[in-house]
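Read off the chains here:
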Amino acid sequence: MAPPIENKMRALLDRRKSLSSFRTLTTFPPSSIDFSSNDFLSLSTSPLLRSAYLQELHNYPNFRLGSTGSRLLDGNSTYAEDLEKEIANFHNAESALLFNSGFDANSGFFACAPQPGDIIIYDEFVHASAREGIKLSRCSKNLPFRHNSVEDLKRVILELKRDDREVRDGKRSVLIAVESLYSMDGDLAPLEEIVNLVERELGRNGLLVVDEAHSTGIYGDHGRGVVCALGLEKRIFARLHTCGKALACNGAAILGSSLVREYLINYARPLIYTTAMSFPSLAAIKVVYSLMREGRTEALRFRLNELIEYMYTQLKTLEPYTEDLTTSTSLLQIPPEMPSSPIFSILMPDPRSLARHCQAADFVVRPIMPPTVPEGTQRVRVCLHAGNTHEDIERLVAAIKDWSLLQRRGVKERGGEEFVKAVL
Ligand SMILES: Cc1ncc(COP(=O)(O)O)c(C=O)c1O
């Protein structure tokens, strides 16, 4: 007989299956065309990065490969510290502190930075890693505001000031967590307006924390991020830059004052109680930062911008096919305006069907379902990469059109490569 815990686990998994929210690990053949990953600059397959990386490893033949311990014990190195200085310089920050992942950095930061009784306000769409830290933190309240709504953020702040004397008197800090580019809708935060509001209403007690996970490498001069692009560096308390997306590495850095860095070294548990990043991981980050600093990723950024425009023009050609003729409902919604990022969110009632159709035609495209996104906003999320071609985009849009035609004809999806190939 299975132990009771396994029965409970099985019941939960069965429930997920019945709700169609069961998660599995998937792989795609290498020949598939990537319209899904966060490899926005296509650096993960860049020969330039690969050879620079191998050269960097070669330059340090005597370095131990493993870090062998926590940063606080034997896992530190001058290589890591120099890299942190370089990252801080690049993003125009006083200091940087590396973590093994963005998840560790965000969860570690939010768990320890707010002091007992402080308050955290967060955009309702901030990443799970920030929420994890918020849950662990000693804040007295955590309050969401409507996604990207400066007005709603103002409402939350004003209510707080009305109800909490210590906030009014500036004795309690209020941390505000936002992202510069949101990963599901691909929309940018109105960062300048948020900074102005927070400074006006909370003064020095309002501390903005900006997660630049998705904008690192693709926004701002040389990929320095949105905060740098807007010249807001000095007005932000802390920033997170992750290396696992456009930079094609692993790890993340928190930028802030030297005091914040020292504090995190002392209190951030995901930094203290873990083995530090190994030399090959640090070397990869160092090489990508060198490429960005030297302007060698600029052509990729420009190419990406050109592809965003191209994708949008192509998607617009689908407009005559977006309605289900049998029910007069919408089969899919093309973004009403050209996205300001490589992330295109195509909302629809049944994204799994379209994703399967595109996957059968050799595209990596994924459906995003609740609870990852709010109920009623399920979608196919298409991510563009500098390495995508116009032809890739045309073929993807053709596949979406064919799917729409099938739906309009009320033809049940027959699936399978053969059918899709015949249509294409
Ligand atoms: C906005 C945001 N922050 C943080 C993270 C975590 O970063 P990492 O993948 O390096 O753990 C992610 C990853 O998906 C993210 O999208």
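These numbers were taken from a predicted model, which means no experiment stands behind them.

This brings us to the confidence of the model for the protein. Overall, the prediction assigns the protein a mean pLDDT of 94, with 97% of residues at 70 or greater. Contacts of residues 413–424 to residues separated by more than four positions or lying in other chains number 15 contacts, the stretch itself having pLDDT below 50.

It is at 7 Å that the axes of helix 4 (residues 102–112) and helix 5 (residues 128–136) come closest, and there the two elements cross at 30°. Here helix 4 lies roughly parallel to helix 5, going by the angle between them. You can see that helix 4 and helix 5 cross each other, and the crossing is right-handed. The residues of helix 5 that touch helix 4, namely those facing G102, F103, N106, S107, F110 and A111, are A128, S129, A130, E132, G133, I134 and L136. Taken together, the residues of the contact of helix 4 with helix 5 sort by class into 7 nonpolar, 5 polar and 1 charged.

A few words now on the layout of surface pockets. In this structure, the largest pocket occupies an estimated 960 Å³ of space. Put simply, the parts of the chain that give the lining of the largest pocket at least two residues each are helix 4, helix 5, strand 7 (238–242), strand 13 (366–368) and strand 14 (379–383). In terms of residue class, the lining of the largest pocket is made up of 12 nonpolar, 15 polar and 9 charged. Residues lining the lining of the largest pocket come from more than one domain, with at least three contributed by each of domain 1 (29–46 + 298–422) and domain 2 (63–294). Each pocket or cavity is described by its volume, and for the second largest pocket that value is around 660 Å³. Every residue lining the second largest pocket is counted, 20 residues in all, and those nearest its centre are F22, R23, T24, R366 and P367. Looking at the lining of the second largest pocket, the element that brings in the most residues is helix 14 (residues 351–360), giving 4 residues. The residue inventory of the lining of the second largest pocket, partitioned by class, reads 9 nonpolar, 6 polar and 5 charged.

Attention now moves to the site of the ligand. Taken together, the residues surrounding the ligand are S101, G102, F103, N106, H127, S129, E179, D211, A213, H214, T242 and K245. Contacts to the ligand include D211, whose side-chain N or O atom sits 2.6 Å from a nitrogen atom. Surface burial for the ligand is 80%, taken as the share of its 390 Å² of free accessible area covered by protein chains. Among the cavities detected, the one that contains the ligand is the largest pocket. Looking at the shell around the ligand, its residues break down into 2 nonpolar, 7 polar and 3 charged.

Relative to the helices and strands, E6 is located in helix 1 (residues 4–18). Considered as a pair, E6 and G66 are 60 residues apart in the sequence and their alpha carbons are 36 Å apart.

Procedures and definitions
- Residues numbered from 1 in each chain as written.
- Predicted model: local features only at pLDDT ≥ 70, side-chain atom pairs only at ≥ 80, totals over all residues.
- Heavy atoms only, no water.
- pLDDT = per-residue confidence, 0-100.
- Contact = heavy atoms within 4.5 Å.
- Axes fitted to C-alpha atoms, helices over the stretch in contact; angles between N-to-C directions.
- Helix = DSSP H or I, 4+ residues; strand = E, 2+ residues; numbered from the N terminus.
- Parallel < 35°, antiparallel > 145°, perpendicular 65-115°, else oblique.
- Left-handed = near helix turned anticlockwise from the far one by under 90°.
- Nonpolar A, V, L, I, M, F, W, Y, C, P; charged D, E, K, R; others polar.
- 1 Å grid on protein atoms, 1.4 Å probe; cavity = no way out; pocket = protein on both sides within 12 Å on 5 of 7 lines; lining within 4 Å.
- Points joined across faces, edges and corners; volume = space filled by probe spheres on them.
- Domains from an automatic or database assignment.
- Near = heavy atom within 4 Å.
- Polar contact = N/O pair within 3.5 Å; in protein donor to acceptor, adjacent residues only side chain to side chain.
- Areas by Shrake-Rupley, 256 points an atom, 1.4 Å probe, with all protein chains shown as cover.
- Sits in = over half its atoms within 2 Å of the grid points.

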